[in-house]
Amino acid sequence: MRIDKKTKDNLITYGIVVAAFLLIQVLASTGHLSSHMKGLLVPMTYYAIIAVALNLCVGILGELSIGHCGFMCIGAFTSAFFSKLTEETLPGGLRFFLAFVIGIGFAALFGFLIGIPVLRLKGDYLAIVTLAFGEIIKNVLNAFYIGYDSKGFHFSMKSQMDLGLEPDGDTVINGAMGIMGTPHDAGFTVGIIVLLISLMVVLNLINSRDGRAIMAIRDNYIAAEASGINVTRYKMMAFTISAAIAGAAGVIYSHNITTLTASSQYFGYNASIMILVYVVLGGIGNIRGSVIAACILYLLPELLRGLNKYRMLIYSIVLIVMMIVNWSPKVIEWRKRTFGNLGIKKKI
Amino acid sequence: MALLNVTNLSISFGGLRAVDDFNMTIEKGELYGLIGPNGAGKTTVFNLLTGVYKPNEGIIKLDDEDITRKNTIEINHAGIARTFQNIRLFKQMSVIDNVKVGLSERFKYSTLEGILHVGRYRKVEKQMDDEAMRLLKVFDLDGERETLASNLPYGKQRKLEIARAMATDPKLLLLDEPAAGMNPNETKELMETIALVRKEFDMTILLIEHDMKLVSGICEKLTVLNFGKVLCQGETKEVLSNPEVIKAYLGG
């Protein structure tokens, strides 16, 4: 079978992920990884996943969203809610699978609903409104109290006391305290599998008629309409898929920690902008670049902890260097001259 | 029966009647020219025909089907494809992908099949590739299938835009100043391309153009617009020798 260039490119991307996974497994089993490093592996996968999701929105659809952590938050909470409820009744594997489906389902639903008003806007306005929606999701979840007892579910947006639970009742979502004791179903292997699935969905989408329609809208929506492309439909499709994948990242996140809270650190706009940094520095529209950038830029500040005071200084220098290497025309020219067409960054 | 029938078409922007009582009939297979001074309303007519603007009055019929109030997408599906005065290609996509975007309403598979690359995906993609290459060959672009559209030279970008429009399998092709910004050689080549498109696809073409050599060389009929109104209409030779047309547009 003849393998065309795009398929080859995609296979290289999957190959890099699998190779990295195997390498880390070998290192871990031979005892070369500290427990601190092991703890960083799962976050690395979910940041890579959400970077892929955001690149679909920013690089392929061409709409700047800085609220993607909101979708991650929805995926995290809905799936953790489900897992918590069924912790005793369902076996681990099935429970996580269902939680996963519920997480991405709800994230996709919210992506769709939020997409309706947001995608009428363009550029900066769209970015600001997505940012607002991201914050709204986080803050509303911070005020949610849901519990259940023999009479069924109780819901309040005031306080835990207002739930009026019976003494043996159980609080599932406890406002700003979040969801406690989600089962640890998602490890590094699950994270890598979900990353591979996300990559497959996005890369295959790009090489299909829907993907081409989405990129056509990015490049010139007037010409896309004149070519018979239903602009609204394809924008919604890309935004919804992007939200769903962000939700998948949230599912991994919530099933890897003990206490899930809708905190600013993980779901605020700072987090969203950090992921945007991964996408921009990995190359807008370059899916492989997003994965690599997310891994490097997530691990770097953690690995530099030893340097203490100089940590953020080095981090920012790395950001600047990556930006120059990936975007400066002169450097790209030099890179091509020196390394041939190995090109780290290829526009799809 | 006429392929395109436009009757009493009018549109106002505020107090300005940009197009006023415009009538035009194009028979199948004709190459029709729309000329006139700058600001006469030529591109506005194109935008009315393709649903970018909705007319205040008038009826547009394509193949006896009323398309007056339809939107751009529906009109494209009904059978009108266009190019733009300032080239609008999908710049970050390859030449063949540009054409395949045009093909995507004719060759279909579901989103799920596209995401999983299963089912009809391979077969339909193969058909699309073949069809796209066939089109690119006609426009002599088949050697550049993987080139980014933005890296093509100007003349070829124009050609690619026509190829993309042809990919939607239109009944009527609208070309908005295809020779704009071209040197005499490129214009000559473009005239050959347009003639080829007519022959190869049996296409009906309506074009806006300022290059009189091109207009008198290939158009069979002309409509001259001036201040939104039809000044003169008919066979190319007669129109170009009409004293009013000479006074308003041609000069001399």
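Fair warning: this is a prediction, and the values are worked out from it, not measured in the lab.

Calculation rules
Residues numbered from 1 in each chain as written. Chains lettered and ligands numbered in written order. Predicted model: local features only at pLDDT ≥ 70, side-chain atom pairs only at ≥ 80, totals over all residues. Heavy atoms only, no water. Disulfide = S-S within 2.5 Å. Buried < 20%, exposed > 50% of the residue type's maximum accessible area, 1.4 Å probe, protein only. Axes fitted to C-alpha atoms, helices over the stretch in contact; angles between N-to-C directions. Helix = DSSP H or I, 4+ residues; strand = E, 2+ residues; numbered from the N terminus. Parallel < 35°, antiparallel > 145°, perpendicular 65-115°, else oblique. Contact = heavy atoms within 4.5 Å. Phe/Tyr/Trp six-rings, centres within 6.5 Å; stacked < 30°, edge-to-face > 60°. pLDDT = per-residue confidence, 0-100. Buried area = accessible area lost by both parts, 1.4 Å probe. Salt bridge = Lys/Arg side-chain N within 4 Å of Asp/Glu carboxyl O. Polar contact = N/O pair within 3.5 Å; in protein donor to acceptor, adjacent residues only side chain to side chain. Nonpolar A, V, L, I, M, F, W, Y, C, P; charged D, E, K, R; others polar.

Student: Quick rundown of the state of the cysteines? Include the residues and the values.
Tutor: Inspection of every chain in the model, using the stated rule, returns zero disulfides over all chains. Free cysteine Cys73(A): the closest other cysteine sulfur is in Cys69(A), separated by 8.7 Å. Assessed through its relative accessible area of 0%, Cys73(A) is described here as buried. Cys232(B) carries a free sulfur, and the closest cysteine sulfur to it, the one in Cys219(B), is 14 Å from it. On the basis of relative accessible area, Cys232(B) is assigned to the buried category, the value being 12%.

Student: So, the packing of helix H7 (residues 209–219) of chain A against helix H9 (residues 231–254) of chain A: which residues are in play, and what are the values?
Tutor: All names here are of chain A. Between H7 and H9, the shortest axis-to-axis distance is 9 Å and the interhelical angle comes to 105°. With respect to H9, the axis of H7 lies roughly perpendicular. The segment H7 lies against H9, with Arg-209, Asp-210, Ala-213, Ile-214 and Ile-217 engaging Val-231, Arg-233, Tyr-234, Lys-235, Met-237 and Ala-238.

Student: So what about the packing of aromatic side chains? Which residues, and what values?
Tutor: Any pair of aromatic rings gets described here by the distance separating the centres and the angle formed by the planes. All names here are of chain A. Here the structure, examined in full by the defined rule, presents 14 aromatic pairs over all chains. Summarising the aromatic geometry, the rings of Tyr-253 and Tyr-266 are spaced 5.0 Å apart at their centres and angled 45° between planes, so their arrangement reads as tilted. Here Tyr-266 lies in helix H10 (residues 264–267) and Tyr-253 lies in helix H9, a separation of 13 residues in the sequence. With relative accessibility at 2%, the residue Tyr-253 sits in the buried group. Site record: aromatic cluster; members linked through ring pairs are Tyr-46, Tyr-47, Tyr-253, Tyr-266, Phe-267, Tyr-278 and Tyr-298.

Student: An account of the confidence of the model for chain B is needed here, citing residue identities and associated values.
Tutor: On average, residues of chain B carry a pLDDT of 91, and 100% of them reach 70 or more. Considering each helix and strand of chain B separately, the mean pLDDT is smallest for helix H10 (residues 243–250) of chain B, with a value of 85, and largest for helix H3 (residues 95–103) of chain B, with 95.

Student: Go over the interface of chain A and chain B with me, naming the residues and quoting the values.
Tutor: On the side of chain B, 31 residues touch chain A, which itself brings 31 residues to the contact. Across the chain A/chain B interface, buried area totals approximately 2600 Å², and carbon plus sulfur atoms make up 57% of it. The three residues of chain A that bury the most area against chain B are Arg209(A), Arg212(A) and Ser227(A), which together make up 27% of that side's buried surface. On inspection of chain A and its partner chain B, the count reaches two salt bridges. Its salt-bridge partner being Arg212(A), residue Glu125(B) comes within 2.9 Å of it at the nearest N-O pair. On inspection of chain A and its partner chain B, the count reaches 15 residue pairs in polar contact (both at pLDDT 80 or more). Elements supplying a minimum of two residues to the side of chain A that touches chain B: helix H6 (188–206), H7, helix H8 (221–226) and H9 of chain A. A total of seven residues in the side of chain A that touches chain B trace back to one element, the largest contributor, which is H7(A). Grouping the constituent residues of the side of chain A that touches chain B by class yields 15 nonpolar, seven polar and nine charged.

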